[in-house]
Amino acid sequence: MFISSLSTPGYLSAGRRERLVAFLAFSLAAVVFTWPLLLRLHRAVPVDTGDPLLNTWIISWGSRTLFTHPLRFFQANIMYPARDVLAYSEHLFSMALLAAPLYWASRNPLLCYNLLLLGGLAFSGLGCYLLVRELTGSRWAAFLSGFLFAFGSYKFSQLSHLQIMFSPFLPFMLLYLLRYMEGGGGKALFLFALFCLAQSLSSWHYLVFCYLAAGLLWLWRAALSGGRAERRRLGGVLLALGVVLLLVLPLALPYLRAHARLPGFERNLTEIKGFSARPGDYLTALEGNLLYSRVSSLLSGGRIGDERVLFPGLAALLLALLALAGWALERKEAAAERFRRSLPLFFLLLAVVSFLLTLGPEVAGRWNPLYMIPYRLGMLRFIRVPARFYVLFLLSLAVLAGYGASWALSRVGRGRGRFPAYRVWGAVLLALVALENVNLPIPLAAVPVGKEVPQVYRWLERREEAVIIELPTLGLGEEHRYDRLLGFLPDDPHAYSELEGLRVYFSAYHRRRTANGYSGYFPYSYNRIFFEMQAFPSRRCVELLRGLGVTHVIWHWELVPAGREEEYRRRLLSTEGLTLEEDLGEQWVLGVEEGPVTPPGDLEVEAQAPEEVRPGEPFNLGLLVRNPTSLPAVVTEEEPQPVRLVVVDAEGRAIREERTSCRPPFFLQSGEMAVLPLRCRKAPSEAGFYSLRLELERGVLGERDFTLSLRVGEMATSEEPSLLEGGVEYAGGEDVIRIPTPDGLFPLAFRVTSGGDTYLLAARESREEELTRPQGLVHLALRFEREGPVWEEQRGTLPCDLSPGQSAVLPTLVRPPSALGRYKLFVGLTDEGFHWFGEVLVLDVEVGDGSG
């Protein structure tokens, strides 16, 4: 009845009726292509509980915070005590705004997420429909393009990444930009800017996509324009793009702050290359594709969540080729139509540029200037997955396919009767495109809602001042290095992300600060906390939690390994500083007793540097920090400790000065030491004797200064050693090292001596450089053995570069074996190939059960 009334004269104008019918068609397609999501909108998410629940939490956090505490938008409640946590992932600002009314009405984050997903698909299709309808005049071609852009298989390979699937404003932006360039008024310019802003605020990826597409179209128009009026319009477009950038800028500030203070925050080239597309990926289809999964011998198969499922379908490719053939056959038109007639070539250019960008830093092993120039300028350093430029490739292909379909249907003729030939062939082409992109049914993950949410999170809702950590976590894998380069790799990354995704989602209900979390970046504080917590419960863990200000531990019995329940029950109830506050069955709530901690100003600091360095070359030095008090020290400040380096010659003249910084110490028990690494970019160029003055300026360690002797001269380095020798001594006095609990982290200290005639290199300037240029690096090596190796071989970074004959104290963190018992700990030095050299130290170690 409703649909039939739309055709009633006067009810709706023809244009509005067409748009409404198109929107309803794409909405129905969104329901069909995501089946059976419609049946579980309020209690499930597509794929799994990892990224979808992270994005669900981001949207609910934004929908609430933007209207209650907008200045705290980026100070999210996960990954405590880190700051600007929302900047570790996409902010999804426009999605949070769109979802806010529904969130406040329903308080159901899942419903908001799923309706954004369905609405994004429907409006993506409608936007592309209107764009191609404007360009070709063909409804069938417009429907085909809309279906291809909205429901292309690539979109469904990204089903767990709403920030990539959500593209409803991109085609609208191009539509109104084209209208304005072809004579439209201020309304078209305003709508272009509005849709550009809305899409750019959905994710940083789309800011780049929008400006790339709009910028190329601007250049294309500029190359074909000739009059003053056209140049004024081009100026109007630049003004609009500038205004949009200014409006987006405030959201960039937290990302810039995080980039300035957090090491590894930007994406390095090694990581980027791993997520770059390869030409063969354009022959990879989804394994669940209704059509191509049956011809898998011809195509590679990829799963939902894979970043390089890029096969667009044969029908789309053939129609795009048909568009170019049609353009070549009919390219002779009036000069006034030159811009409009050239648009197929523009979309071809956009497709080629996007294709090359998906390949990342290298194309066939050669430097890719199209990617690397903007990367070097800082414009692409936040993009981890170049393959996601495929979104623009897909849009370009969809438009070209629309051109091809329009040209083909125009050759069929309109005919007469109820089903003229062009309609039949239009339906056939549309069905082919749809068939190529059916990937049903989509997997769903059930998520607790309402009364199904575990009782412990309802309990937390009533504890406004609570700061929590949820334990145990799933097992963490072998990281090998637990000092300055502490990374984070779970045994099962997918299972870990699903568990932490659920915990992040539940934080949308209790809204308390939590050390748990999951995002696109893991700060050092998070990595350190959860490696330490592998030994929980222990005195060391309680001291760390107390220093962090954590008030409660949520203990999940369902995650305790079978057969160890009684052991953990005994340890939890006997560990000093923990009290059982609530027994909720599968979860216990343990209170962490408050206690004093040592302020960072009370820590002792000593400088360590190589006694001799090579002329004009960089060198590594460090600050040796020790906790001399009887209380633990926990430093949550993330701002780097600023250090001023001054080189003074023999006559007392300052000949070189530079500023550097290091990460503050994080956690030191009584008597524990740590090294804070520093790097001097250039030694004096002339051989001789100098003084090196280190001045700590402000920062958590306060103002301190040190003066060291420095000799500059030629010598062999460990990059090309003439004799690689060295030794290690244990700095402790006990015969047997007793480690109270298995796993976790435990501090040990050694004295390292460089033997022979070789200068030992401690580190490169960055972790990426250490991965690409490991030659010459020397590490401390540690290996636990009991009738053979039983645990990972671990490595530690030297406290500074060591010149021949020099000794230095090297405190390091080791990860004990996860099984109780007695071990031999072998300690020595290794080169970059992990070949041990020099004398090997053998220590007796006993790993206890926490009772001590």
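The shown structure was predicted, so the numbers you read here are calculated from the model rather than taken from an experiment.

Caption draft 1: Local environment of the overall build of the protein. Of the regular secondary structure elements, the protein holds 24 helices and 31 strands. Viewed in the frame of its principal axes, the protein has a C-alpha envelope of about 100 × 70 × 50 Å. Burial statistics for the protein: of 852 residues in total, 57% are counted as buried. Counting only contacts in the protein whose residues sit at least 6 apart along the sequence, the fraction spanning at least 24 positions is 75%. Accessible surface, the protein as shown: approximately 35200 Å² in total, 56% of it carbon and sulfur. Side chains of the protein give 85 positive and 87 negative charges; the mean places of these two sets differ by 14 Å.

Caption draft 2: Region of interest: the confidence of the model for the protein. Averaged over the protein, the pLDDT score is 91; the fraction of residues at 70 or greater is 96%. Model confidence for the protein, summarised as mean pLDDT per element, is weakest for helix 1 (residues 2–6) at 44 and strongest for strand 9 (residues 552–556) at 98. Low pLDDT, under 50, characterises residues 1–8; the stretch is placed with eleven contacts to residues that sit more than four places away or in other chains.

Caption draft 3: Here's a closer look at helix 4 (residues 93–106). Relative to the 20 Å expected for 14 residues at 1.5 Å per residue, helix 4 spans 19 Å between its end C-alpha atoms, a close match to the ideal helical length. The largest bend along helix 4 reaches roughly 50 degrees and is located at Ala99, with the proline Pro101 sitting one to four residues downstream. Elements that come into contact with the buried residues of helix 4 comprise helix 3 (51–68), helix 5 (109–136), helix 8 (162–165), helix 10 (186–200), helix 12 (228–261) and helix 20 (493–510).

Caption draft 4: Molecular detail of the side chain of Asn368. Here Asn368 shows up in the loop between strand 5 (366–367) and helix 16 (369–376). Overall, the relative accessible area of 4% leaves Asn368 in the buried class. A distance of 3.0 Å separates a polar atom in the side chain of Asn368 from the backbone oxygen of Leu356. Beyond its immediate sequence surroundings of up to four residues, Asn368 is in contact with Leu356, Gly360, Pro361, Glu362 and Val363.

Caption draft 5: Main features of the sheet that holds strand 25 (residues 746–756). As summarised here, the arrangement of the three strands in space is 23-25-29, forming an open sheet in which the pairing is antiparallel. Each of the sheet's edge strands pairs with one partner strand only, and the pair in question is strand 23 (724–730) and strand 29 (807–814). With strand direction ignored, the average angle separating the axes of adjacent strands in the sheet is 35 degrees. Pairing geometry for strand 25 and strand 29, over eight bridges, is antiparallel. The residue bridging Phe746 from the neighbouring strand is Val814, located in strand 29.

Caption draft 6: Broad picture of the side chain of Asn77. Note that Asn77 resides in the loop between helix 3 and helix 4. A polar side-chain atom of Asn77 sits 3.3 Å from a polar atom in the side chain of Trp57. Side-chain polar atoms of Asn77 contact the backbone oxygen of Arg512, separated by 3.1 Å. Filtering out sequence-adjacent residues up to four positions away, Asn77 remains in contact with Trp57, Trp61, Ser507, Arg511, Arg512, Arg513 and Thr514.

Caption draft 7: Main features of the environment of Gln775. Among the structural elements, Gln775 can be located in the loop between helix 24 (767–772) and strand 27 (779–785). For Gln775, a relative accessible area of 42% translates into the label partly exposed. Expressed as a C-alpha distance, the spacing of Gln775 and Glu719, which sit 56 residues apart in the sequence, is 5.7 Å. Not counting the four nearest positions on each side in its chain, Gln775 is found in contact with Glu719, Arg764 and Glu832.

Caption draft 8: Spatial organisation of unusual backbone geometry. Leu440 connects to Pro441 through a cis peptide bond whose omega is -10 degrees. As for its placement among the helices and strands, Pro441 is situated in the loop between helix 18 (421–436) and strand 6 (444–446). With an omega of 0 degrees, the peptide bond between Phe536 and Pro537 qualifies as cis. Within the secondary structure, Pro537 sits in the loop between helix 21 (524–532) and helix 22 (539–548). Its identity as a non-glycine residue notwithstanding, Asp84 has a phi of 50 degrees, on the positive side.

Caption draft 9: A nonpolar patch on the surface, seen in detail. Together, Leu28, Val32, Trp35, Leu38, Leu39 and Leu440 give the surface a local cluster of nonpolar side chains, amounting to about 550 Å² of exposed area. Among the secondary structure elements, Leu38 is positioned in the loop between helix 2 (14–33) and strand 1 (44–46).

Caption draft 10: Just the pattern of salt bridges, in detail. Scanning the model with the defined rule gives 42 salt bridges in all. For Glu639, the salt bridge is made with Arg83, and the minimal N-O distance between the two is 3.2 Å. Here Glu639, found in the loop between strand 15 (633–634) and strand 16 (641–648), pairs with Arg83, found in the loop between helix 3 and helix 4; they are 556 residues apart in sequence, far enough to count as distant. For Arg83, a relative accessible area of 29% puts it in the partly exposed group. Its salt-bridge partner being Arg388, residue Glu307 comes within 2.7 Å of it at the nearest N-O pair.

Caption draft 11: Focus on the sheet that holds strand 30 (residues 821–830). Reading across from one edge, 24-31-30-27-28 is the order of the five strands in this open sheet, with mixed pairing throughout. Taken across any chain shown, the strands that pair with only one partner, and hence form the sheet edges, are strand 24 (736–739) and strand 28 (794–797). Averaged over all neighbouring strand pairs, the angle between strand axes comes to 30 degrees, with direction disregarded. Where strand 27 and strand 28 come together, four bridges link them in antiparallel fashion. Looking at the pairing, Leu782 lines up with Gln794 of strand 28.

Caption draft 12: Structural view of helix 6 (residues 139–151). With 13 residues, helix 6 should reach 18 Å at 1.5 Å per residue; the first-to-last C-alpha distance of 18 Å fits that figure. Burial analysis of helix 6 places eleven of its 13 residues in the buried class, which makes it a mostly covered element. With a side-chain oxygen positioned 3.1 Å from the backbone nitrogen of Ala141, the residue opening helix 6 is Ser138.

Caption draft 13: Representation of the packing of aromatic side chains in the model. In the structure shown here, the tally under the stated rule is 50 aromatic pairs. Ring centres 5.4 Å apart and planes at 50 degrees place the aromatic pair Tyr505 and Phe506 in the tilted group. Look at Tyr505 and you get buried, because its relative accessible area is 0%. Residue class for Phe506 comes out buried when judged on its relative accessible area of 5%. On the basis of an interplanar angle of 40 degrees and a centroid distance of 4.6 Å, the ring pair of Tyr526 and Phe530 is categorised as tilted.

Caption draft 14: Inspection of the nonpolar core at higher detail. Counting residues in each nonpolar core, the largest one holds 218 residues, and the members touching the most others are Trp57, Phe151, Met173, Phe192, Ile469, Phe536 and Trp555. Considering every element that reaches this core, the biggest residue donor is helix 5, with 16 residues. When sequence neighbours within four positions are dropped, the list of residues in contact with Phe192 reads Met173, Tyr176, Leu177, Ala214, Val237, Ala240 and Leu241. Counting residues in hydrophobic clusters, the runner-up holds 31 residues, among them Leu621, Leu710, Val712 and Met715.

Caption draft 15: Local environment of the state of the cysteines. Tallied over the entire structure, the rule returns zero disulfides. As a non-bridged cysteine, Cys196 has Cys210 as the owner of its nearest cysteine sulfur, 4.7 Å distant. Of the residues examined, Cys196 reaches a relative accessible area of 0% and is grouped as buried.

Caption draft 16: How the structure looks around the packing of helix 5 against helix 9 (residues 169–181). With their axes 8 Å apart at the nearest point, helix 5 and helix 9 run at an angle of 25 degrees to one another. Compared by their axis directions, helix 5 and helix 9 come out roughly parallel. Read as a crossing pair, helix 5 and helix 9 show a hand that is left-handed. On helix 9, the residues that touch Phe123, Ser124, Leu126, Gly127, Cys128, Leu130, Leu131, Glu134 and Leu135 of helix 5 are Pro171, Phe172, Leu174, Leu175, Leu178 and Arg179. Split into classes, the residues belonging to the contact of helix 5 with helix 9 amount to eleven nonpolar, two polar and two charged.

Rules and cut-offs
- Residues numbered from 1 in each chain as written.
- Predicted model: local features only at pLDDT ≥ 70, side-chain atom pairs only at ≥ 80, totals over all residues.
- Heavy atoms only, no water.
- Helix = DSSP H or I, 4+ residues; strand = E, 2+ residues; numbered from the N terminus.
- Buried < 20%, exposed > 50% of the residue type's maximum accessible area, 1.4 Å probe, protein only.
- Contact = heavy atoms within 4.5 Å.
- Areas by Shrake-Rupley, 256 points an atom, 1.4 Å probe, with all protein chains shown as cover.
- Lys, Arg positive; Asp, Glu negative; His and termini not counted.
- Charge placed at Lys NZ, Arg CZ, Asp CG, Glu CD.
- pLDDT = per-residue confidence, 0-100.
- Expected span 1.5 Å × (residues − 1).
- Bend = angle between axes of the 7 residues up to and from the residue.
- Polar contact = N/O pair within 3.5 Å; in protein donor to acceptor, adjacent residues only side chain to side chain.
- Pairing = 2+ DSSP bridges.
- Axes fitted to C-alpha atoms, helices over the stretch in contact; angles between N-to-C directions.
- Patch = residues over 30% accessible without salt bridge, like charges linked within 9 Å, V, L, I, M, F, W, Y side chains within 5 Å.
- Salt bridge = Lys/Arg side-chain N within 4 Å of Asp/Glu carboxyl O.
- Phe/Tyr/Trp six-rings, centres within 6.5 Å; stacked < 30°, edge-to-face > 60°.
- Core = buried A, V, L, I, M, F, W, Y, C linked by side-chain atoms within 4.5 Å.
- Disulfide = S-S within 2.5 Å.
- Parallel < 35°, antiparallel > 145°, perpendicular 65-115°, else oblique.
- Left-handed = near helix turned anticlockwise from the far one by under 90°.
- Nonpolar A, V, L, I, M, F, W, Y, C, P; charged D, E, K, R; others polar.

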